[in-house]
Amino acid sequence: RIRVVSKARPKEDVIEVSIADTGPGMSKATIQSIFEPGFTTKPAGHGFGLSTSYRIISLHGGQITAESEIGRGATFRVVLPVRASEPA
């Protein structure tokens, strides 16, 4: 099962989207590496999906995090600012 929840956090001027599943989960070692380019746990994977997501979200001033336990699924959280940052 996959559950997607979105919510506004007006005091912080951000929105948050959580995506959780009931899959096999990930080890702490895997969690520490999942956003690195080229890292994959799949035999036919290329390892650029999550690293690309991380970069795009970061470039928009946001954050993506993941938490998981073996046998308990995983949850990814994306937090994005409601307003664009002023150009430097």
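Calculation notes
Numbers given to residues run from 1 along each chain, matching the order in which its sequence is written. Reporting of local features is limited, given that this is a predicted model, to residues whose pLDDT is at least 70; pairs of side-chain atoms are given and counted only at 80 or more, and all residues count toward the totals for whole chains, interfaces and linings. Excluded from the side-chain calculation are hydrogens and water; included are all heavy atoms of the structure. Only buried residues count toward a nonpolar core. Its members are Ala, Val, Leu, Ile, Met, Phe, Trp, Tyr and Cys residues joined through side-chain atoms within 4.5 Å. Only protein chains enter the calculation, and the probe is 1.4 Å; a residue is then buried if its accessible area is under 20% of its type maximum, exposed if over 50%, and partly exposed in between. The helix count covers DSSP runs of H or I at least four residues long, the strand count covers runs of E at least two residues long, and both are numbered beginning at the N terminus. Salt bridges are identified by distance alone: a Lys or Arg side-chain nitrogen within 4 Å of an Asp or Glu carboxyl oxygen. At least two DSSP bridges between two strands are required for those strands to pair.

### Here we look at the nonpolar core
Membership of the largest hydrophobic core is limited to 10 residues, which are Met26, Ile31, Ile34, Phe35, Ile57, Ile64, Ala66, Ala74, Phe76 and Val78. With three residues, the single largest contributor to this core is strand S4 (residues 74-81).

### Comments concerning the environment of Pro43
Checked against the element boundaries, Pro43 lands in the loop between helix H1 (28-33) and helix H2 (49-59). Accessibility expressed as a relative area gives 90% for Pro43, which makes it exposed. With 35 residues separating them in the primary sequence, Pro43 and Val78 have C-alpha atoms 27 Å apart.

### A look at the pattern of salt bridges
Proximity of charged atoms lets side chains of opposite charge pair with each other. Within this structure, the stated rule accounts for five salt bridges. Between Arg9 and Glu12 there is a salt bridge, and its shortest N-O distance comes to 2.7 Å. Accessibility expressed as a relative area gives 24% for Arg9, which makes it partly exposed. Owing to a relative accessible area of 49%, Glu12 belongs among the partly exposed residues under this scheme.

### Notes on the pairing of strand S2 (residues 14-21)
In the sheet, strand S1 (residues 2-9) pairs with S2 via eight bridges, with the strands oriented antiparallel. Of the residues in S2, the one forming a bridge with Ser6 is Val17. In sequence, S1 turns back onto S2 through a hairpin of four residues, with Asp13 there showing a positive phi of about 60°. Sheet topology note: the S2/S4 ladder contains eight bridges and is antiparallel. The partner of Val14 across the bridge, within S4, is Pro81.

Remember that the coordinates give geometry; whether it matters functionally is a separate question.
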